[in-house]
Amino acid sequence: MPSTSQCRVCGDQVTEFFDFGRQPLSDAFHTPGFDFEKEFFFRLAVGLCQGCTMVQLMEEVPRDNMFHEEYPYHSSGSAYMREHFEGLAKRLLATELTADDPFVVELGCNDGVMLKVMAESGVRHLGVEPSGGVADVAAAKGVRVRKSFFEESTAKEIAAEDGRADVIYAANTLCHIPYMESVLSGVRALLKPTGVFVFEDPYLGDIVERTSFDQIYDEHFFFFTARSVREMAARNGLELVDVERLPVHGGEVRYTLAPAGERTPSQAVADLLRDEAESGLAEPATLQEFGRKVTVIRDDLTGLLRRLKDEGKKVVAYGATAKSATVTNLCGITPDLVSFVCDTTPAKQGRVTPGTHIPVVTPDTFAADYPDYALLFAWNHADEIMAKEQAFRDAGGKWILYVPDVRIV
Ligand code: DWN
Ligand code: SAH
Ligand code: ZN
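Residues numbered from 1 in each chain as written. Chains lettered and ligands numbered in written order. Predicted model: local features only at pLDDT ≥ 70, side-chain atom pairs only at ≥ 80, totals over all residues. Heavy atoms only, no water.

Caption draft 1: Focus on the coordination of the zinc ion (ligand 3). At the metal site, the zinc ion (ligand 3) is ligated by Cys7 (SG), Cys10 (SG), Cys49 (SG) and Cys52 (SG), and these contacts range over 2.3 to 2.4 Å. We note that the donor set of the zinc ion (ligand 3) lies within a single chain, spaced as C-x2-C-x38-C-x2-C. With a gap of 45 residues between them, Cys7 in the loop between strand S1 (4-6) and strand S2 (13-24) and Cys52 in the loop between strand S3 (41-49) and strand S4 (55-57) connect regions that are remote in the sequence. Judged on exposure class, the residue Cys7 and its partner Cys52 are both buried. (Donors = N, O, S within 2.8 Å, 3.2 Å for Na, K, Ca; no water. Helix = DSSP H or I, 4+ residues; strand = E, 2+ residues; numbered from the N terminus. Buried < 20%, exposed > 50% of the residue type's maximum accessible area, 1.4 Å probe, protein only.)

Caption draft 2: Fine view of unusual backbone geometry. Along the chain, Val403 connects to Pro404 via a cis peptide bond; the corresponding omega equals 5 degrees. Within the element layout of this structure, Pro404 appears in the loop between strand S17 (398-401) and strand S18 (407-408). Phi is positive for Asn110, close to 55 degrees, though the residue is something other than glycine. On the secondary structure map, Asn110 appears in the loop between strand S5 (103-107) and helix H3 (115-120). Overall, the relative accessible area of 5% leaves Asn110 in the buried class. A positive phi angle, near 50 degrees, is found at Thr211, a position not held by glycine. By the secondary structure assignment, Thr211 is in the loop between helix H7 (204-210) and strand S10 (222-223).

Caption draft 3: Local environment of the packing of helix H8 (residues 226-234) against helix H9 (residues 267-279). Direction vectors running N to C along H8 and H9 enclose 120 degrees, while the axes themselves pass 9 Å from each other. By the angle between their directions, the pair H8 and H9 is classed as oblique. Between H8 and H9, the contacting residues are Ala226, Arg227 and Arg230 on the first element and Leu272, Leu273 and Glu276 on the second. When grouped by side-chain class, the residues that make up the contact of H8 with H9 number 3 nonpolar, no polar and 3 charged. (Axes fitted to C-alpha atoms, helices over the stretch in contact; angles between N-to-C directions. Parallel < 35°, antiparallel > 145°, perpendicular 65-115°, else oblique. Contact = heavy atoms within 4.5 Å. Nonpolar A, V, L, I, M, F, W, Y, C, P; charged D, E, K, R; others polar.)

Caption draft 4: Structural detail: the domain arrangement of the chain. When its domains are assigned, the chain resolves into domain 1 (75-285) and domain 2 (286-408). Here the C-alpha centroids of domain 1 and domain 2 sit 30 Å apart. Each partner contributes residues to the interface: domain 1 has 23 residues there, and domain 2 has 20 residues. The junction of domain 1 with domain 2 conceals about 2,000 Å² of combined surface from both sides, 64% of it contributed by carbon and sulfur atoms. When the buried surface of domain 1 facing domain 2 is broken down by residue, Thr211, Phe213 and Asp214 rank first, second and third, together holding 35% of it. At the surface where domain 1 touches domain 2, the tally comes to 0 salt bridges. On the surface where domain 1 and domain 2 come into contact, there are 16 residue pairs in polar contact (both at pLDDT 80 or more). (Domains from an automatic or database assignment. Buried area = accessible area lost by both parts, 1.4 Å probe. Salt bridge = Lys/Arg side-chain N within 4 Å of Asp/Glu carboxyl O. Polar contact = N/O pair within 3.5 Å; in protein donor to acceptor, adjacent residues only side chain to side chain.)

Caption draft 5: Region of interest: the environment of Val327. Relative to the helices and strands, Val327 is located in helix H11 (residues 323-331). Residues contacting Val327, with those up to four places away along its chain left out, are Phe213, Asp214, Leu301, Ile333, Phe377 and Tyr402.

Here it is in structure tokens:
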């Protein structure tokens, strides 16, 4: 009998389709002196709801274990992502924020990469960000931040203090929140009837198409589709009125919800719903096949790394991503196979990767003595990183990729 759990959206039965086994917190980069007997692990497994088709984790990790003062991820670490968010901010300013004294709220504003533009434009805004360290970085940029988790009570307090919002925005945050009913009740309470809730998250369609299984880790609880989002919205008095596919983070969708009946859904919604139905995206057979491909990638990658080790090659990794915790822990990639991971984030450097304890070093260490191979954990930033590290290639170095399959380039 496959393992089951209860859907966090509709309450129906969720049936497991893949088990990644024992996994650590993906963003818990401990110092080498940490007592690793105390390292947190949980069972990472993913399932499909037979009712609303929402794909979700089988087990929930307590939110305070993940999002706290020392949460290390800084959104501004990629130039490409900075441009992405600045572009979105300008678009919102030109479309949804044109009324008198508009008000925009961002959930999970992180280091203020998007709201900085609102602050500079003099637009009334508020970031809701539970991770204190990154919230402080946003505040230092002139962004108004409230250090808390967004949920129904927070939303009501904000509405009482600041009035209702024209736009509520969330990037790579909504999929992090299992208590969805509370969040969407909050959105309803905080949004003007004419307002919109815009959010963008990794798209299940891209994850399945590219077998980008490393999008599945503790922080990513939900894996949305147009179909599951439409149903989730409808259960909470909201309506899916637009979708837009995005190239970032390996493929995302930006969803726009409005209070039910307030806006006419775009043709793009109907088109994506049709594509999903035709491809059988959220069907058990499709997801089982995805799981099979994950095991192929796992075996190919471990096989390749062992062979390179036997040949005496120097192999390191690039980008200490949260995603890569799933890869290293599923494949058993420890320092004997990959000697270090380089990363620009100061809060990760001098520490070790979750569960597998590979040292995290600066990109200078990488450049000081180029390895033969670099395993690209930040594959979603491949263009940006390969361009900046052209000298590695020039020195004869090769990149190893594992999405959509294991290859050397
Ligand atoms: O959803 C989430 C996304 C938005 O960010 C969070 N749950 C956690 C985090 O996931 P991630 O760590 O997998 O995201 P990235 O953006 O793939 O992380 C890139 C990593 O690589 C960062 O640690 C920064 C680093 N990096 C680098 O060293 N040199 C990135 C670039 C672009 C570089 O040039
Ligand atoms: N929006 C940024 C950050 C994504 S990382 C980007 O796209 O790059 C996810 C963020 O969500 C973290 O900063 C985390 O602290 C925040 N978060 C987690 N739960 C939240 C909640 N309930 N309300 C608001 N933010 C939350
Ligand atoms: Zn459901």
